[in-house]
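Take a look at the letters that make up each chain.
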Amino acid sequence: MIKTVIIDDEVNAQNLLEKTLHKYFPHKFNITAKCRSVDAGVIAIQTYEPDLVFLDIQMPEKNGFELFRYFDKVNFETIFITAYSKYAIDAIRRSALDYILKPINHVDLTQAIKRFESKSEHSFAQKKLSLLLENLNVNDQNTSKIAFPTTEGFEFIHSNQILYCKAESNYCKVKRIDGIEKLTARTLKFVEEILPPHFIRIHKSYVLNLNFVVRYNKSNKEVEVTNGEKLPVSFRKEEEFLNAVLQNQ
């Protein structure tokens, strides 16, 4: 069974999550503790050494992110539970961590559990959580770092190192400004959603970092970037692209 700790200051939310887990995943979860604060959660994790922690973000006194400052090494996976803060959700997504929005429904929960079960080890848990805390402390999204899932694990790249991303069937190629290319095991749509606002879709196959635009040729609808490459801009994306370039200046 999967040893689990639930940390949420709302008792009703704790009980609902417990009932949903037992209903849709019978005999799979051993809920060793239900805690109403970060401090109680730290003690429970140290005591029971869980495989998985469900962690509410907004709690009195200390928010959920502060829990990780009490551990030198993180040996458990985390699924965040939140009803707030788009900024926090963006940071969680860029760090390749899972979250569920309140009120919890069994569809979102099932998807998160399936992703947890597909992970064979916790070797990246520490890195992903460290990245989350780093991204939360960054005011300038240009300097944020993003975790890109690959077939081997994760590739951690600063957003200001990314020139563009290109669709490759059900995968996505990330082109860095130093010329290195990385293939991530996610679609371009997924990658687009975790990138900062200065990245924009210019074509069905391309998402571009506006910081590296050199010039645009309206006659053949091509944008030139700093490495000399010319990327296509689709007709329906042209106006949005031109407006974004002007706003990014």
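Everything discussed here concerns the structure shown above.
As the structure is a computational prediction, the values presented were derived from the model and not from experiment.

**Q** Tell me what's going on with the packing of helix α1 (residues 11–24) against helix α4 (residues 106–117), and back it up with residues and numbers.
**A** At a minimum axis distance of 11 Å, the contact between α1 and α4 shows a crossing angle of 70°. When the axes of α1 and α4 are compared, the pair comes out roughly perpendicular. For the pair α1 and α4, the sense of crossing is right-handed. On α4, the residues touching Leu17, Thr20, Leu21 and Tyr24 of α1 are His106, Leu109 and Ile113.

**Q** Got a sec to walk through the sheet that holds strand β10 (residues 181–184)? Specific residues and values, please.
**A** The strand order across the open sheet formed by five strands is β10-β9-β8-β12-β11, and the pairing between neighbours is antiparallel. What marks the edges here is a single partner per strand, and that holds for β10 and β11 (199–203). On average, adjacent strands in this sheet sit at an angle of 20° to one another, irrespective of strand direction. Relative to the sheet, helix α7 (residues 235–248) contacts β11 and β12 (206–209), its axis offset from that of β11 by approximately 150°.

**Q** Could you give an account of the pattern of salt bridges, with specific residues and numbers?
**A** Throughout the structure, instances matching the rule amount to 18 salt bridges. Residue Asp98 is joined to Arg115 by a salt bridge in which the shortest nitrogen-to-oxygen separation is 2.6 Å. One end of the pair, Asp98, is in strand β5 (residues 98–101); the other, Arg115, is in helix α4, and 17 residues separate them in sequence. According to the relative accessible area criterion, Asp98 is buried, its value standing at 10%. The salt bridge partner of Glu193 is Lys189, with a shortest N-O separation of 2.8 Å. Taken together, the positions of Glu193 and Lys189, both in helix α6 (residues 188–194) and four residues apart, correspond to about one turn of that helix. Judged by its relative accessible area of 37%, Glu193 is partly exposed.

**Q** Residue-level account of the nonpolar core, with values.
**A** Judged by nonpolar contacts, the single largest core of 28 residues is most densely connected at Ile7, Leu55, Phe65, Leu67, Phe68, Phe80 and Leu132. Counting residues per element, the ones that place at least two in this core are β1 (2–7), β2 (29–35), α2 (38–48), β3 (52–56), α3 (86–94) and α5 (125–136). Considering each element in turn, this core owes the most residues, five residues, to α5. Beyond its immediate chain neighbours, meaning those up to four positions away, Leu55 contacts Ile7, Gly64, Leu67, Phe68, Thr78, Ile79, Phe80 and Ile81. Formed by 17 residues, the second largest nonpolar core is a distinct cluster that contains Leu52, Ile81, Ile100 and Ala112.

**Q** Summarise unusual backbone geometry; cite the residues concerned and give the values.
**A** Residues Lys102 and Pro103 are joined by a peptide bond in cis, for which omega reads -5°. Here Pro103 lies in the loop between β5 and α4. Unusually for a residue other than glycine, Ser169 sits at a positive phi of about 60°. Looking at where Ser169 falls in the secondary structure, it is placed in the loop between β8 (162–168) and β9 (171–176). Non-glycine residue Lys221 carries a positive phi angle of around 50°. With respect to the helices and strands, the residue Lys221 is situated in the loop between β13 (213–217) and β14 (222–225).

**Q** Which residues make up the pairing of β9, and what values go with them?
**A** Taking burial as the measure, the six residues of β9 include five buried ones, the bulk of the element. Examined bridge by bridge, β8 and β9 share six bridges and lie antiparallel to one another. Within β9, the residue paired with Ile162 across the bridge is Arg176. Turn length for the β8-β9 hairpin, with the two strands adjacent in sequence and antiparallel, is two residues, and the turn residue Ser169 shows positive phi of about 60°.

**Q** Give me the pairing of β3: which residues, what numbers.
**A** In terms of residue burial, β3 counts as a mostly covered element, since five of its five residues are buried. The two faces of β3 match: Leu52, Phe54 and Asp56 on one face and Val53 and Leu55 on the other face are all buried. Bridging between β1 and β3 involves four bridges; their strand directions are parallel. When the bridges of β3 are listed, Ile7 appears paired with Leu55. Note that β3 and strand β4 (residues 77–82) share five bridges and pair parallel. Bridge pairing links Phe54 to Ile79 in β4.

About the cut-offs
- Residues numbered from 1 in each chain as written.
- Predicted model: local features only at pLDDT ≥ 70, side-chain atom pairs only at ≥ 80, totals over all residues.
- Heavy atoms only, no water.
- Axes fitted to C-alpha atoms, helices over the stretch in contact; angles between N-to-C directions.
- Helix = DSSP H or I, 4+ residues; strand = E, 2+ residues; numbered from the N terminus.
- Parallel < 35°, antiparallel > 145°, perpendicular 65-115°, else oblique.
- Left-handed = near helix turned anticlockwise from the far one by under 90°.
- Contact = heavy atoms within 4.5 Å.
- Pairing = 2+ DSSP bridges.
- Salt bridge = Lys/Arg side-chain N within 4 Å of Asp/Glu carboxyl O.
- Buried < 20%, exposed > 50% of the residue type's maximum accessible area, 1.4 Å probe, protein only.
- Core = buried A, V, L, I, M, F, W, Y, C linked by side-chain atoms within 4.5 Å.

Interpretation note: all reported values are geometric properties and have no functional meaning in isolation.
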